[in-house]
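So the chains spell out like this:
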Amino acid sequence: MSLIKLEGISKIFGFGDASSLALDSISLTIEKGEFVAVMGPSGSGKSTLMNIIGLLDKPSQGSYMLDNKYVARLKPNQAAKIRRDTIGFVFQSYNLLNRLNIISNVSLPLVYKGVSSSRRLKLASDILERVGISEKEYFYPNQLSGGQLQSAAIARALINNPKLIIADEPTGNLDSISSILIMELLTEIHRAGNTIIFVTHNPELTRYASRVVYMKDGSIVQDEITPYGQIAKTAKQLLKPSLIRTEEDSLAGVSVLMKTIDKIDSRKNKKDKPKKNRRSKK
Amino acid sequence: MKPSAITSHFKLSLDIIYNTRWRNFWTILGIVIGLSSVVTIIAIGNGIKQQINYQLNGSSSQNKFIIQPVAINQSYSGTNLIKSLENISPTSSLSYLDVDGIQGFKNVSSISPFSILKSKVSGSIASDRNGVVIGSNQFLLNYLNISVNSGSFIDQTGDPTNSAVIGQNLAERLFGEISPLGATIDIGGNSFVVEGILNPVNNIPFSQIVDFNNSVFIDYNNAQKITSNNAYIYQEFLTIKDNQKQTLSSLQSHLNAINGNQSNTFITNLSEISYNSKNTLNLLTKLISIVASISLIVGGVGIMNVMLVSVAERTHEIGIRKAIGATNRQIVTQFLVESSILSFVGGIIGITLAYAVDLFIVLSTAIKPVITWQLVVIAGFSSIVIGLIFGSIPAIKAAKKLPIDALRSS
Ligand SMILES: Nc1ncnc2c1ncn2[C@@H]1O[C@H](COP(=O)(O)OP(=O)(O)O)[C@@H](O)[C@H]1O
Ligand SMILES: [Mg+2]
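Remarks on helix 5 (residues 146-158) of chain A
Then comes step 1: The terminal C-alpha atoms of helix 5 of chain A, which comprises 13 residues, lie 18 Å apart, in line with the 18 Å expected from a rise of 1.5 Å per residue.
Then comes step 2: Helix 5 of chain A sits mainly inside the fold: eleven of its 13 residues count as buried.
Then comes step 3: Listed in full, the buried residues belonging to helix 5 of chain A are G147, L149, Q150, S151, A152, A153, I154, A155, R156, A157 and L158 of chain A.
Then comes step 4: Of the surrounding elements, those touching the buried residues of helix 5 of chain A are strand 6 (87-91), helix 3 (102-113), helix 4 (117-131), strand 7 (164-168) and helix 6 (176-191) of chain A together with helix 10 (315-323) of chain B.

Looking at the domain arrangement of chain B
Then comes step 1: What the domain assignment lists for chain B is domain 1 (3-53 + 277-408) and domain 2 (113-231).
Then comes step 2: Put simply, the middle of domain 1 of chain B and the middle of domain 2 of chain B, counted by C-alpha atoms, are 53 Å apart.

Looking at the site of ligand 1
Then comes step 1: Taken together, F13, A22, P41, S42, G43, S44, G45, K46, S47 and T48 of chain A together with R408 of chain B make up the full set of residues adjacent to ligand 1.
Then comes step 2: Flanking ligand 1 are residues from chains A and B.
Then comes step 3: G43 of chain A is positioned with one of its backbone polar atoms (N or O) 2.8 Å from an oxygen atom of ligand 1.
Then comes step 4: Look at ligand 1: alone it shows 550 Å² of surface, and the protein chains cover 64% of it.
Then comes step 5: A per-element tally of the shell around ligand 1 places helix 1 (residues 46-53) of chain A first, with three residues.
Then comes step 6: Across the shell around ligand 1, the residue classes tally to three nonpolar, six polar and two charged.

Quick notes on the pattern of salt bridges
Then comes step 1: The final tally for this structure, using the stated rule, is 16 salt bridges over all chains.
Then comes step 2: In this structure, E7 of chain A and K5 of chain A form a salt bridge, with 3.4 Å as the shortest nitrogen-oxygen distance.
Then comes step 3: As a salt-bridge pair, D67 of chain A and K163 of chain A come within 2.7 Å of each other at their nearest N and O atoms. Of this pair, D67 of chain A sits in the loop between strand 4 (61-66) and strand 5 (69-70) while K163 of chain A sits in the loop between helix 5 and strand 7, placing them 96 residues apart in sequence.
Then comes step 4: Of the residues examined, D67 of chain A reaches a relative accessible area of 18% and is grouped as buried.
Then comes step 5: A single salt-bridge network, built from bridges that share partners, covers R99 of chain A together with R314, E317, R321 and E338 of chain B.

Digging into the pairing of strand 10 (residues 219-225) of chain A
Then comes step 1: Both strand 9 (residues 211-216) of chain A and strand 10 of chain A contribute to a ladder of six bridges, which runs antiparallel. By the bridge assignment for strand 10 of chain A, V212 of chain A is matched with E224 of chain A.

A short note on the nonpolar core
Then comes step 1: Ranked by internal contacts, the top residues of the largest apolar core, which has 78 residues, are I4, I53, Y64 and L66 of chain A.
Then comes step 2: Take this core: its biggest share by element is nine residues, from helix 11 (residues 328-364) of chain B.
Then comes step 3: Residue contacts for I4 of chain A: discarding those within four places in its chain leaves L28, T29, I30, I53, Y64, M65, L66, L164 and I197 of chain A.
Then comes step 4: Formed by 43 residues, the second largest nonpolar core is a distinct cluster that contains I102, V131, L149 and A209 of chain A.

Regarding the interface of chain A and chain B
Then comes step 1: Contacts between chain A and chain B engage 28 residues on the former and 27 residues on the latter.
Then comes step 2: Between chain A and chain B, the buried area comes to about 2300 Å², and carbon and sulfur atoms account for 60% of it.
Then comes step 3: For chain A, the biggest contributors to the area lost against chain B are L56, R99 and Y112 of chain A; these three give 32% of the whole.
Then comes step 4: The salt bridge involving E317 of chain B is made with R99 of chain A; its shortest N-O contact spans 3.4 Å.
Then comes step 5: Taken together, the links from chain A to chain B amount to six residue pairs in polar contact (both at pLDDT 80 or more).
Then comes step 6: Taken together, the elements giving at least two residues each to the side of chain A that touches chain B come down to helix 2 (76-86), strand 6, helix 3 and helix 4 of chain A.
Then comes step 7: When residues in the side of chain A that touches chain B are grouped by element, the largest group, six residues, is from helix 2 of chain A.
Then comes step 8: Taken together, the residues of the side of chain A that touches chain B break down into 14 nonpolar, six polar and eight charged.

About the thresholds
Residues numbered from 1 in each chain as written. Chains lettered and ligands numbered in written order. Predicted model: local features only at pLDDT ≥ 70, side-chain atom pairs only at ≥ 80, totals over all residues. Heavy atoms only, no water. Helix = DSSP H or I, 4+ residues; strand = E, 2+ residues; numbered from the N terminus. Expected span 1.5 Å × (residues − 1). Buried < 20%, exposed > 50% of the residue type's maximum accessible area, 1.4 Å probe, protein only. Contact = heavy atoms within 4.5 Å. Domains from an automatic or database assignment. Near = heavy atom within 4 Å. Polar contact = N/O pair within 3.5 Å; in protein donor to acceptor, adjacent residues only side chain to side chain. Areas by Shrake-Rupley, 256 points an atom, 1.4 Å probe, with all protein chains shown as cover. Nonpolar A, V, L, I, M, F, W, Y, C, P; charged D, E, K, R; others polar. Salt bridge = Lys/Arg side-chain N within 4 Å of Asp/Glu carboxyl O. Pairing = 2+ DSSP bridges. Core = buried A, V, L, I, M, F, W, Y, C linked by side-chain atoms within 4.5 Å. Buried area = accessible area lost by both parts, 1.4 Å probe.

Laid out in structure tokens, this is it:
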């Protein structure tokens, strides 16, 4: 049985002349245990799709089956309980509560489940250990680095042992080393049996995925299975210098992607020509 | 909702309230003032009621009656029995004959005339130009809640010697530190001997007519003597043993007969009088409480306001909480906990303020407000209820936010 089954999902924002079609009749099936990367230019509808899959938003049209239940038209409270028990979210901007320390943030979903306070602390402590920031339990979010914050956010997403983890650009605010650490962490979680969907602009990160879905203008334009450890074929195209850059894309994030590519290139160059550099300095 | 979640909301609410304490301080001021004024008003009402009880029916008021020429309901507009004397003109006074006549009635255990004279009263060191002299008899002691500190009360009807009993304050004013027992007191040019001094009497607040602490008590016969039979009886205090109904009706017809068959004397049960005055007091307390409650409503609206601001400021937080699985009810609970803590804090400060105000009233007036523990509990409870009522609109507003819209706001 598939974990996620979307059929003809559309999402329209606004009314009349001002309306825009963010998702255009999307059908997508994701099996248990998949590690799906979602790519596509800014405004292509990736976040909208994640929000609908995560029950944060409702589709305008179409049917959605999550874990054998039809969930496209749930009441707010039913959706809340499914989010609590079945889905873990990781956001680009971490979305931790600044007023709470890390362990309280991580255990917050358990509050809504009615778990006793001592048990909450125990579980949160275990998870923080697992994501490798147990020494930061009693720190507040403003005292942590981006990578540590995202680790805490992942810990919070994991605390209810959800079947599905949705990460919308989890590395979007992180430097490349932290990005790698966070992806390694997600991989580990994936190995433990979770289904993970993540959005990324960085083709490099498709190495971690088992499947890559490409979106454009609210539609899925490509869907490929890819072996672990290798950059997906279509994503690799993006790394070629011949990549056509539209103005819109460069405005809205692909420039970030290009910077990353530049870094990767320069790293290769350094490896190739260390001696030359020394010589030229002399 | 499970208790652990409530505790968690509770801790966080305290933290949030502490962090925004200045804004909150101004907000709860309305609750503080409203609640402290309601508590103070009710406490004053309680205090006055207790004092009336103490003076009028220290013992059972069921068998005590007042005979007077004016119907109680016409004359009692204020808070106490003595004040009604103002309304009675001397021409309508009762005849002394009634006293003798009634005393002989079956089942009548005592009757005291109550006559008030204004006269110059002089002691050994000072005099009082407008002294209050009460002409009565020995039964007054049983009827009113007064007692003798030293010496004795007016001994018996027809006391041949000119004996007088004086109130505590008057004794100090006219005689100073030395006990005036046995000393001579001059009442309107007549010499009396001080035979007794009263214990301090708890006067009813607002009663300026008769202050027992500043009065001289003499036998009614002597009052007649020094006024050449012009000591008018304003009221008579009657105590009946048994068979009340029958005794009362025969008394009433007796009184009507001697007054030329005009029904112009009235016999009223004491409990009815204090009931009446308590009713008036209750009504007054209610009216003022309603006015004070308006300030509570203003306070509640203040709480609503600050909670609406808080909800707006924390939209993103609400989004996060919903994303990780908070139901609408859990969000409502969170904000209700916060608003009720806020108004409860206001309530506690208000109650404390009421204690301070009452202390001030005790020190500066004759009123002794009584704050009962029930009043404190009700006040505290009401403050929580105000928080819940006025917090509900902001809380529902918070819960109704769509998770994705809330998350998107920053
Ligand atoms: N709340 C919204 N109101 C109106 N339009 C929206 C809203 N959210 C997203 N959109 C539009 O939907 C399209 C897809 O947006 P989004 O899913 O955020 O893209 P991506 O995450 O791929 O960058 C965009 O054109 C965007 O402007
Ligand atoms: Mg997006």
